[in-house]
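# Residue-level structural notes
One letter stands for each residue in the lines below.
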Amino acid sequence: MSFFGFGPSADIEIVLDGQDSRKTAEIKTEDGKKEKHLLYYDGETVAGKVNVTMKKAGSKMEHQGIKIEFIGQIELYYDRGNHHEFTSLVKELARPGEITGNTSYGFEFQQVEKPYESYTGANVRLRYFLRVTIVKRLSDSVKEQDIIVHTLSQYPEMNSSIKMEVGIEDCLHIEFEYNKSKYHLKDVIVGKIYFLLVRIKIKHMEIQIIKRESTGTGPNTYNENETIAKYEIMDGAPVRGESIPIRLFLSGYELTPTMRDINKKFSVRYYLNLVLVDE
Amino acid sequence: MADSEESSPPSSPDIQDGDPGKPREVTITKSETGFGFNVRGQVSEGGVLKSINGVLYAPLQHVSAVLEGGAAQRAGIRKGDRILEVNHVNVEGATHKQVVDLIKSGGDSLVLTVISVPEQVAERLEPSDDSSGPSYIDYSERRSLPISIPDYQTVEQGGEKFVVFNIYMAGRHLCSRRYREFDGLHSRLKREFPDFNFPKMPGKKLFTLSEQQLDARRRGLEQYLEKVCAVRVIGECDYMQEFLAAPEVDQENNHTSSEVELKVLLPDRSLCVVKINRNDTADEVFKAVVSRLNLSEAAAHCFYLFETVEYNFDRKLQGSEFPHNIYIQNYSTATSTCITLRRPSTFLFWEAIDGVNKGQIKTEDKLYELKALQESNKNIEYLKVARQLEGYGEVVFPHCACDSRKDGHVIAEIGFECFKLHACKNDGTPESQIIEFQWKDVKSYDVEEEGMSFCFEYARAGKKSRNVQILTPYYVYMKECFDRVFEEKEQEYAKLPEAKKQLKNLVFLNIATKNKRDVQMSEQKLKA
């Protein structure tokens, strides 16, 4: 959009195919606002139309070419200048020429590889988007359209439970158990805490979900921890032999899948914290 | 890998001809070598779905190896095939053990549903072991390379006009590349080194740039190349080497061009610059040098192009070699070029001085006299004195192994008077023993391509003649020196008066033809 009125300008609109049939998903932007975009999976074709309309009817615009790009990139907030593009495809829509009135260009990126899930975090952002560029002599006109990519996983049939016995010598012995080691985003954490030895006064017990986002590699790794959930599971002092049940519904919280070493740039992991608070 | 001692013959394969990217069913029957394939894949269960040909699948075990001529290969199984079903049981997301157990459960018969994938897809699905875990590529190891892009030019190829940027290394022209090729290199490097922070490349533009913009682009590309090549790992990787050295091939026109500049060192120590094509042969380059210097045909006949291999040793180039390749591979040397123009075996004034300075010509007490003549530029007198000295007109080869020496090397010296083998240690330090071979005793010589060596046969008084093999990498040049000596000897012989001709051994003359019959006939003629 040229505010200085450098010549006639045009509106660019990117319309993706299958708007009615395709599902949408929500993702947070950097500022915290929620945005809704079309949802795509790995290997799917990304196709649609680019509509270029002149703002002032009857005017025409000279350009040096129109192209569309499909880009998947990782942005590290502390290193804004460098966008790491792990997927970059480009298609030429129009050769240098003129635009008058309304023109529509079709595009199709076949079976595009989308290896990672879209992610917006505290220090890093992974996004996929289409970018249309009308190249002009003085400044280009650019329009971007985001899409959201989800990765799907197959659920393992054998999902062993996590069982551990921990404690402080002579003060407190507990045994905790969680029913699975791999949970999906809408799962339920079912477990129990069994008190083997209690010699201190406990006020209450809660379970927390911590999200740790690691950016950078080697000595430059930066870990950011965020407490996603805090859920009280016990109030008051327990006695020996008491068993406290845990039932935590994950669908109520904003979780993302665990991401391990994405493109060697960042990782996102989740931890379950059991917190016992004494007098 | 499932194996068996069974000796039942393989059954006829059941391959469905169809889209290679679609799942297909294959039946394999065990042969004497078992099923003849290996399975590889994840140990755990489940996992992230990835797309193969547009369809999402859970992690699949795959065929990591296929035995040549085995049952699986004959049935149509290929390396890299992803396994979807084993004996009609779906194994998407299965553990390795589960799949192996299923294969074994079928006994001698096995039905697999597989999907073939091209190599790049296989790489994406199963990244090679090197990249698993943290990558320890040391990007901090740097060296500064004198790489620059001082200018650019517009070329026209196949009706298309575009700009190419000339890349120089230490003042020597390496190649010329257009922006598109830089962009391709950048993408490939990014994929090869995903965790390296690459400097920014000058931007893409869809229209022709102004002079100012072109210069800005030139500077940007120069900075990019400098920064990227400075990191040793990246500068030495295959893509970079290919980019800097390979001849430019325009994919649309299949037209190899690219004019480059080559510097040639002349006998008087001046430089001659010729414009040649990158893939010109030594013969073609020599012709260019001759025309540039305006040498007469007779003069041109005495010279040729040599490569300065070591301080003391120049190797004559073969007509079919590519001087430009040799030229750019030596960009790290201190001299401005490694290609020189010289006379093959006799010296001129400057070469004689060189020979004296390098110690090739053994001056002994004549050094003072020679220096005086050199100072006063008395070329002819200088040469007269030099010619008398030992080592003049000799070619000394770098030390190498010889089949007649079990321990230690030899230094071969080809001189006009005789051929010497100077014994030395394996590292080249000379020892006391020197064996001289008179040219008339050399009965035959040849190169041996297979063994990459030079061999000659020499006569011994009273004994059978002996073959000697010299294992030098410059075996071709050695043979040429021998050829040259014999040629000159023949010329010398031709100038002798009749009487002397009769006395000289005629065997000597016919060596060049290596035809024993001729030799014997001439011998008889002499006796008669």
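All figures in this text were calculated on a predicted structure; none of them were measured in a lab. (Residues numbered from 1 in each chain as written. Chains lettered and ligands numbered in written order. Predicted model: local features only at pLDDT ≥ 70, side-chain atom pairs only at ≥ 80, totals over all residues. Heavy atoms only, no water.)

### Let's talk about the overall build of chain B
Basically, it comes down to this: Numbering of helices and strands runs from the N terminus; a helix is a DSSP stretch of H or I covering at least four residues, while a strand is a stretch of E covering at least two. Each residue is assigned to one of three classes by its accessible area relative to the maximum for its type, calculated with a 1.4 Å probe on protein chains only: buried under 20%, partly exposed between the two thresholds, exposed over 50%. Should any heavy atoms of two residues lie within 4.5 Å, those residues are counted as being in contact. The accessible surface values rely on the Shrake-Rupley method and a 1.4 Å probe; as for residues, cover is taken only from the protein chains in view.
Assigned secondary structure in chain B consists of 16 helices and 27 strands. Burial status across chain B gives 43% buried among its 528 residues. Sequence-distant contacts in chain B: of pairs separated by 6 or more residues, those separated by 24 or more amount to 55%. Working note: accessible area of chain B is about 28500 Å², and carbon and sulfur atoms make up 49% of it.

### Thoughts on the sheet that holds strand β11 (residues 160-169) of chain B
Within a sheet, each strand pairs with its neighbour through backbone hydrogen bonds, oriented either parallel or antiparallel. Residue and element names in this part refer to chain B. Note the following rule: Any two strands are treated as partners once DSSP identifies two or more bridges connecting them. Fitting a line to C-alpha atoms yields each axis, with helices limited to the stretch in contact; the angle taken between N-to-C directions then spans 0 to 180 degrees.
Taken in spatial order, the three strands make up an open sheet running β10-β11-β12, and their pairing is antiparallel. Each edge of the open sheet carries a strand with a single partner, namely β10 (147-157) and β12 (172-178). Averaged over all pairs of adjacent strands, the angle between strand axes in this sheet comes to 30 degrees, irrespective of strand direction. Note that β10 and β11 share nine bridges and pair antiparallel. Bridge assignment links D151 to a residue of β11, and that residue is N166.

### Describing the pattern of salt bridges
Under the convention used in this document: Any Lys or Arg side-chain nitrogen found within 4 Å of a carboxyl oxygen on Asp or Glu counts as a salt bridge.
On inspection of all chains with the given rule, the structure shows 32 salt bridges over all chains. Among the charged side chains, a salt-bridge network with shared partners connects A:E30, A:E69, A:E75, A:R80, A:R125, A:R127, A:R131, A:E144 and A:D146.

### Some points on the environment of A:R95
Residues and elements named next belong to chain A. Considering the arrangement of structural elements, one finds R95 in the loop between β7 (83-94) and β8 (97-100). Its relative accessible area of 63% is what places R95 among the exposed residues. With 29 residues separating them in the primary sequence, R95 and I66 have C-alpha atoms 6.6 Å apart. When neighbours within four sequence positions are excluded, R95 is seen to be in contact with H63 and G65.

### What to know about the packing of helix α4 (residues 179-192) of chain B against helix α5 (residues 211-230) of chain B
All names here are of chain B. To keep it simple, the criterion reads: Roughly parallel here means an angle under 35 degrees, roughly antiparallel means over 145, roughly perpendicular means 65 to 115, and every remaining angle is called oblique. Less than a right angle of anticlockwise turn of the near helix away from the far helix marks a crossing as left-handed, whereas a clockwise turn marks it as right-handed. Three residue categories are used. Nonpolar comprises Ala, Val, Leu, Ile, Met, Phe, Trp, Tyr, Cys and Pro, charged comprises Asp, Glu, Lys and Arg, and polar comprises the others, including Gly.
The geometry of α4 relative to α5 is characterised by a closest axis approach of 12 Å and an angle of 30 degrees between their N-to-C directions. Classified by the angle their axes make, α4 and α5 are roughly parallel. With respect to the hand of their crossing, α4 and α5 are arranged in left-handed fashion. Contacts between α4 and α5 involve Y179, F182, H186 and L189 from the first element and R217, L221, Y224, L225 and V228 from the second. In the contact of α4 with α5, the residues fall into seven nonpolar, one polar and one charged.

### Quick look at the interface of chain B and chain A
Heads up, the rule is: Put simply, buried area is the surface a 1.4 Å probe can reach on two separate parts but cannot reach once they are joined, added for both. Under the rule applied, a polar contact is a pair of N or O atoms within 3.5 Å (in protein, one hydrogen donor and one hydrogen acceptor; residues adjacent in sequence only if both atoms are side-chain atoms).
Listed as interface residues are 24 residues of chain B and, on the opposing side, 27 residues of chain A. The junction of chain B with chain A conceals about 2200 Å² of combined surface from both sides, 52% of it contributed by carbon and sulfur atoms. The largest contributions to the chain B side of the interface with chain A come from B:E45, B:L206 and B:F207, which together make up 27% of the buried area. At the junction of chain B and chain A, the tally comes to zero salt bridges. Counting across the interface, chain B meets chain A through six residue pairs in polar contact (both at pLDDT 80 or more). Elements supplying a minimum of two residues to the side of chain B that touches chain A: β3 (47-48) and β4 (50-52) of chain B. Broken down by class, the residue content of the side of chain B that touches chain A amounts to eight nonpolar, nine polar and seven charged. Examined bridge by bridge, strand β13 (residues 153-154) of chain A and β3(B) share two bridges and lie antiparallel to one another.

### Topic: the pairing of strand β15 (residues 259-265) of chain B
Residue and element names in this part refer to chain B. Side-chain alternation along β15 places V260, L262 and V264 on a buried face and E259, E261, K263 and L265 on a face that remains uncovered. Relative to strand β16 (residues 271-277), β15 runs antiparallel, the two being bridged by seven bridges. Opposite E259, over in β16, you have N277 as the bridge partner.

### Comments concerning a nonpolar patch on the surface
Residues and elements named next belong to chain A. Quick reminder of the rule: Here, patches come from residues exposed beyond 30% relative accessible area and free of salt bridges, joined within 9 Å for like charges and within 5 Å for nonpolar side chains (Val, Leu, Ile, Met, Phe, Trp, Tyr).
Side chains of I162, M164 and V166 sit close together on the surface and give an oily, nonpolar patch of about 220 Å² of accessible area. Its location among the elements puts V166 in strand β14 (residues 162-168). A residue is classified by how much of its surface remains accessible, and V166, at 33% relative accessible area, is partly exposed.

### Concerning the confidence of the model for chain B
Stated formally: Per-residue confidence from the predictor is reported as pLDDT, a score between 0 and 100.
The predicted model of chain B has a mean per-residue pLDDT of 76, with 73% of residues at 70 or higher. Below pLDDT 50 for its whole length, residues 1-17 of chain B participates in 31 contacts with residues either more than four positions away or in separate chains.

### Section: the packing of α4(B) against helix α7 (residues 238-245) of chain B
Residue and element names in this part refer to chain B. Orientation of α4 relative to α7, taken along the N-to-C sense of each, is 165 degrees, at an axis distance of 10 Å. Here α4 is positioned roughly antiparallel relative to α7, judged by the angle of their axes. Crossing handedness for the pair α4 and α7: left-handed. Facing α4, whose interface residues are E181, F182, L185, R188, L189 and E192, α7 presents Y239, M240 and F243. In terms of residue class, the contact of α4 with α7 is made up of six nonpolar, no polar and three charged.

### A few points about the sheet that holds strand β26 (residues 453-460) of chain B
Residues and elements named next belong to chain B. Strand order in the open sheet formed by four strands is β21-β27-β26-β25, with antiparallel pairing between adjacent strands. Each edge of the open sheet carries a strand with a single partner, namely β21 (401-402) and β25 (442-448). The pairing of β26 with strand β27 (residues 463-471) spans six bridges and is antiparallel. Each bridged residue has a counterpart across the sheet, and for E457 the counterpart in β27 is N467.

### Comments concerning the side chain of A:K211
Residue and element names in this part refer to chain A. We count it as follows: Charged residues are defined here as Lys and Arg on the positive side and Asp and Glu on the negative side; His and the ends of the chain fall outside this count.
Its location among the elements puts K211 in strand β17 (residues 202-215). Buried K211, no salt bridge; nearest opposite-charge side chain is E226, N-O distance 4.5 Å. At 3.2 Å, the side chain of K211 forms a polar contact with the side chain of Y119. Ignoring anything within four residues of it in the chain, the contact list for K211 reads Y119, E224, N225, E226, I228, V268, R269 and Y270.

### Section: the pairing of strand β24 (residues 430-438) of chain B
With six bridges connecting them, strand β23 (residues 418-424) of chain B and β24(B) associate as antiparallel partners. Following the sheet pairing, B:H422 is matched in β24(B) by B:I434.

### A closer look at a negative patch on the surface
Our working definition: Positions of charges follow a simple convention, taking NZ of Lys, CZ of Arg, CG of Asp or CD of Glu.
On the surface, B:D446, B:E448, B:E449 and B:E450 cluster together into a negatively charged patch. Mapped onto the fold, B:E450 is located in the loop between β25 and β26.

### Some thoughts on the nonpolar core
Where we set the bar: Among the buried residues, those of types Ala, Val, Leu, Ile, Met, Phe, Trp, Tyr and Cys that are joined through side-chain atoms within 4.5 Å form a nonpolar core.
The biggest cluster of nonpolar side chains holds 83 residues, and the ones touching the most others in it are B:I167, B:L189, B:L305, B:F397, B:F419 and B:F482. Ranked by the residues each element gives to this core, the list is headed by helix α14 (residues 475-495) of chain B, at seven residues. Here B:F397 is in contact with B:F313, B:I411, B:A412, B:I414, B:Y474, B:Y477, B:M478 and B:C481, once residues within four sequence places are set aside. Judged by nonpolar contacts, the second largest core, of 38 residues, contains A:I68, A:F107, A:V112 and A:I262.

### A word on unusual backbone geometry
A positive phi angle, near 70 degrees, is found at A:D170, a position not held by glycine. Even without being glycine, B:H88 reaches a positive phi, approximately 65 degrees. Locating B:H88 in the fold gives a position in the loop between β7 (82-86) and β8 (89-90). The class for B:H88 is exposed, based on a relative accessible area of 54%.

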